[in-house]
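So the chains spell out like this:
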Number of protein chains: 2
Amino acid sequence: MIERVPSAEGVLAAAKRIASLVTRTPLLPLDWQGRRFWVKPECLQQSGSFKLRGASNRLMQLSDAERARGVVAFSSGNHAQGVAMAAQRLGIAATIVMPADAPAVKVEGTRNSGAEIVFFDRETESREAIGARLAAEQGATLVPSFDDVDVIEGQGTIGVETGEQLGKAPPLVIVPCGGGGLSGGIALALPESRIVPVEPAGWDDMTRSLETGRIVPVEEPPPPTLCDALQTKLVSPLTFGALRDAGARGLAVSEAEVEEAMRFAFRNLRIVAEPGGAVALAALISGRVDAPDGSVIVVSGGNVDPALYARIVGR
Amino acid sequence: MIERVPSAEGVLAAAKRIASLVTRTPLLPLDWQGRRFWVKPECLQQSGSFKLRGASNRLMQLSDAERARGVVAFSSGNHAQGVAMAAQRLGIAATIVMPADAPAVKVEGTRNSGAEIVFFDRETESREAIGARLAAEQGATLVPSFDDVDVIEGQGTIGVETGEQLGKAPPLVIVPCGGGGLSGGIALALPESRIVPVEPAGWDDMTRSLETGRIVPVEEPPPPTLCDALQTKLVSPLTFGALRDAGARGLAVSEAEVEEAMRFAFRNLRIVAEPGGAVALAALISGRVDAPDGSVIVVSGGNVDPALYARIVGR
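Residues numbered from 1 in each chain as written. Chains lettered and ligands numbered in written order. Predicted model: local features only at pLDDT ≥ 70, side-chain atom pairs only at ≥ 80, totals over all residues. Heavy atoms only, no water.

Of all the positions in helix α14 (residues 306-313) of chain B, only Tyr309, Ala310, Ile312 and Val313 of chain B are classed as buried. Viewed along the axis of α14 of chain B, the buried residues span an arc of 165 degrees, placing them on a single side of the element. Against the buried residues of α14 of chain B lie α12 (255-269) and α14 (306-313) of chain A together with α12 (255-269) of chain B. (Buried < 20%, exposed > 50% of the residue type's maximum accessible area, 1.4 Å probe, protein only. Helix = DSSP H or I, 4+ residues; strand = E, 2+ residues; numbered from the N terminus. Arc of directions from axis to C-beta. Contact = heavy atoms within 4.5 Å.)

Okay, here's the thing in structure tokens:
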């Protein structure tokens, strides 16, 4: 049996499937250094990040029997909130496994959507094992955060919208990258565009994987990062394959560049970007990418604890 | 000679005229206390507030001779930035008269659009006199911040967009109100909707004018307010007339309610709302308006100094 891989057709079908469940986020113009760019602000998405797209696409395709048994997901927060919100809207019970050190704002958001939360210790426990055990006990369906065809195709709907809104494919799309579901999905949706996945420094396994042509993990130990949403130590063959086949090249940004991008988003776009959501913008304004006129920058989420945000923006 | 007053037809014409110069801001869903509302986030508008709309509509109708002599405006900041940006795009020289205590972020935004800035002392000098003198000296056209048919019709384009995006008129629109250009314009665009202009406590001259049926000024001395964008002491017959004819009733919100609304916008919508931009949202979440399902809340601007924002959001 040949397993299905994510495809452009799948992304298009996902865009139709989830249209009524998600917000069609605008393209915000950004005039910067004599060029006009477009920002796709998925921090304005319901649940506060793009993750609602993939979760909705996955959950809408469950059978009635699967829906009745519920879903399980593990996530530091954005996927948690996306799955919880999609499940609530579709009347599906959701259990979310979250690290004990997840941002409070993300725990609260997940709880507000009616999900049951199970905490684990990031240092000593395996979220995968806990999630798999819960799924087995309850007969529930595990919803992966990126290693899943439907999830990747759901995230790729951002690319479909962007193409429609511009009336053409942009020359370049700069995208935050954790497991690669978002950047891989967009690469499928916009095959004519150059895709640049961006990771936090020290967490650049997708960048190094694309350089070497095979999947390599994060070098241990990775440094601490404010980008809680992008702390993925190993990407998936599905996401890596989509980006490799698109000829994508990644890059990494520093913590200081991320903070500056959050301030830039506050001041120039009046959107709330969380650290992980701001890495693509950081790549642009730090000059690490020479982006041509008309390039698109994805700001992928805005779930950030107020005290941290105040510290960064008020500096 | 009968002077023209702002009209629904004028607003529709403005919407066509300025479409290519402004951002079509989205309607963001807000699920709150069992109802779905829609937020029109004009903080995402270019220049950081709705003021670009009215300024663009006014400036596009100047003759070539008028354009050559430039424009003058007085403003605490949002109108300043709107006029400066519209002027820059149309190749028109702009001089902006700003209070010496205007938020730094607004002064910077105005300067970045290439306008010349003249400061005045809010306590001892008359900005109207300074603006009129500059206009006379230069032969420039004065662009009022709200007492102008074209400006009011430009601001009203938010109502046109909202009706198009919903596919119908909303039952209720809650709108921040300083001089009433925004709320008056929207009232013209959406004659079937109930309009609620919202002011800061002690600056509720539009509310009291609508109650008494004639224009009354702010009661002196008005209290200090964080809502620098809404410190208007006397509304205009044009804006008052539009709201009175629509049967609008206003209300006032407290400073504490404004701060809570800014935090709410941060946490639940991931948009940056300035104090004056958040008063309509404050009216909703404080329970001062019983808004039916499908009501629209306008967040009118997001130009706020980072230190103040950090203090309010980090609390």
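From this point on, the discussion continues.
This part covers the interface of chain B and chain A. Taken together, the contacts link 30 residues of chain B with 29 residues of chain A. Across the chain B to chain A interface the summed buried area is about 2,100 Å²; carbon plus sulfur atoms make up 65%. Summed over the shared surface of chain B and chain A, the number is 2 salt bridges. Put simply, chain B and chain A have 6 residue pairs in polar contact (both at pLDDT 80 or more) between them. (Buried area = accessible area lost by both parts, 1.4 Å probe. Salt bridge = Lys/Arg side-chain N within 4 Å of Asp/Glu carboxyl O. Polar contact = N/O pair within 3.5 Å; in protein donor to acceptor, adjacent residues only side chain to side chain.)

This part takes up the packing of aromatic side chains. Pairs of aromatic rings are described using the distance from one ring centre to the other and the angle between the two planes. Inspection of the entire model under this criterion finds 5 aromatic pairs over all chains. When the ring of Phe266 of chain A is compared with that of Tyr309 of chain B, the centres are 5.0 Å apart and the planes differ by 50 degrees; the resulting orientation is tilted. Remark: Tyr309 of chain B occurs in helix α14 and Phe266 of chain A occurs in helix α12; the pair is interchain, linking two chains. Summarising the burial analysis for this pair, Phe266 of chain A and Tyr309 of chain B share the class buried. Taken together, the ring pairs in this structure connect Phe266 and Tyr309 of chain A together with Phe266 and Tyr309 of chain B into an aromatic cluster. Positioned above the aromatic ring of Trp38 of chain A, the side-chain terminus of Arg36 of chain A is 5.5 Å from the ring centre. (Phe/Tyr/Trp six-rings, centres within 6.5 Å; stacked < 30°, edge-to-face > 60°. Lys NZ or Arg CZ within 6 Å of the ring centre and 35° of its normal.)

Turning to the pairing of strand β8 (residues 194-200) of chain A, a few remarks are in order. Two faces make up the sheet, and in a regular strand the side chains alternate between them. All names here are of chain A. In terms of burial, β8 is largely enclosed, as 6 of its 7 residues are buried. The pairing of strand β7 (residues 172-176) with β8 spans 5 bridges and is classified as parallel. Residue Leu172 lies in a different strand from β8, and its bridge partner there is Arg194. Taken together, β7, helix α9 (residues 181-189) and β8 constitute a β-α-β crossover, and its handedness is right-handed. (Pairing = 2+ DSSP bridges. Right-handed = clockwise from strand over helix to strand, strands pointing away.)

A few words on the packing of helix α1 (residues 8-18) of chain A against helix α2 (residues 51-59) of chain A. Residues and elements named next belong to chain A. For the pair α1 and α2, the least separation of the axes is 10 Å and the interaxial angle reads 90 degrees. In terms of orientation, α1 lies roughly perpendicular with respect to α2. Residues Ala14, Arg17 and Ile18 of α1 lie in contact with α2, whose contacting residues are Arg53, Ser56 and Asn57. (Axes fitted to C-alpha atoms, helices over the stretch in contact; angles between N-to-C directions. Parallel < 35°, antiparallel > 145°, perpendicular 65-115°, else oblique.)

Residue and element names in this part refer to chain A. The strand order across the open sheet formed by 6 strands is β1-β2-β10-β7-β8-β9, and the pairing between neighbours is mixed. Where the open sheet ends on each side, the last strands, each with one partner, are β1 (28-32) and β9 (251-253). Within this sheet the neighbouring strands show an average axis-to-axis angle of 30 degrees, counted without direction. Two strands pair when backbone bridges link them, and β1 and strand β2 (residues 35-41) are joined in this way by 5 bridges, in the antiparallel orientation. Each residue of the ladder has a partner; that of Pro29, found in β2, is Trp38. The sheet contacts of helix α8 (residues 157-166) involve β2 and β10 (296-299), and relative to β2 the element is tilted by about 140 degrees. The strands that α9 touches are β7, β8 and β10; relative to β7, the one it contacts most, it runs at about 160 degrees.

On to the relation of the copies chain B and chain A, then. Screw-axis analysis of chain B against chain A gives a translation of 0.0 Å along the axis, an RMSD of 0.0 Å, and a rotation angle of 180 degrees. In symmetry terms, the pair is related by a two-fold rotation axis. Both copies contact each other with a shared surface, as 97% of the interface residues of chain B are interface residues in chain A too. (Least-squares fit on C-alpha atoms with pLDDT ≥ 70 in both.)

With that out of the way, let us pick up the pattern of salt bridges. Residue and element names in this part refer to chain A. Overall, the coordinates contain 44 salt bridges over all chains when judged by the stated rule. Arg35 serves as the salt-bridge partner of Asp290, at 3.1 Å between the closest nitrogen and oxygen. Here Asp290 is found in the loop between α13 (279-285) and β10, whereas its partner Arg35 is found in strand β2, with 255 residues between them in sequence. Here the salt bridges do not stand alone but share partners, grouping Arg4, Arg58, Asp148, Asp150 and Glu153 into one network.

Turning to the sheet that holds strand β6 (residues 141-142) of chain B, a few remarks are in order. All names here are of chain B. The strand order β5-β4-β3-β6 describes an open sheet built from 4 strands, whose pairing is parallel. With one partner strand each, in any of the chains shown, β5 (116-120) and β6 form the two edges of the open sheet. Direction of pairing for strand β3 (residues 71-74) relative to strand β4 (residues 94-99): parallel, over a ladder of 4 bridges. Among the inter-strand pairings, Val71 is bridged to a residue of β4, identified as Ala94. Set on the sheet, helix α5 (residues 104-112) makes contact with β4 and β5; between it and β5 the angle comes to about 150 degrees.

Attention now moves to the environment of Ala261 of chain B. Residues and elements named next belong to chain B. Within the element layout of this structure, Ala261 appears in helix α12. For Ala261, a relative accessible area of 0% gives the class buried. Measuring from C-alpha to C-alpha, the distance between Ala261 and Thr23 comes to 24 Å, with 238 residues separating the pair along the chain. In contact with Ala261, not counting residues within four places along its chain, are Ala278, Leu281, Ala282 and Ile285.

With that settled, consider the nonpolar core. One finds Ile174, Ile271 and Tyr309 of chain A together with Ile174, Ile271 and Tyr309 of chain B to be the most contacted residues of the largest nonpolar core, which totals 80 residues. With sequence-adjacent residues up to four places away left out, Ile174 of chain A is seen in contact with Val196, Val198, Ala280, Ala283, Leu284, Val289, Ala291, Val296, Ile297 and Val298 of chain A. Core analysis: the next-biggest nonpolar cluster, separate from the first, contains 26 residues, Ala189, Met206, Leu238 and Leu243 of chain A among them. (Core = buried A, V, L, I, M, F, W, Y, C linked by side-chain atoms within 4.5 Å.)

Before going further, it helps to examine the domain arrangement of chain A. Residue and element names in this part refer to chain A. Domain boundaries in chain A define domain 1 (8-50 + 150-314) and domain 2 (52-145). A straight line from the C-alpha centre of domain 1 to that of domain 2 covers 22 Å. In this complex, domain 1 contributes 29 residues to the contact, which on the side of domain 2 involves 23 residues. Here domain 1 meets domain 2 over a buried area of about 2,200 Å², counting both sides, of which 50% is carbon and sulfur. Where domain 1 touches domain 2, the interface holds 5 salt bridges. Glu161 is paired through a salt bridge with Arg53; the nearest N and O atoms lie 3.0 Å apart. (Domains from an automatic or database assignment.)

A separate point is the environment of Ile130 of chain B. Residue and element names in this part refer to chain B. Secondary-structure assignment places Ile130 in helix α6 (residues 127-138). Residue Ile130 is classed as buried on the basis of its relative accessible area, which comes to 10%. Counting along the chain gives 70 residues from Ile130 to Pro200, while the straight-line C-alpha distance between them is 27 Å. Once residues lying within four places of it in the same chain are set aside, the contact partners of Ile130 are Val97, Val118, Phe120 and Glu125.

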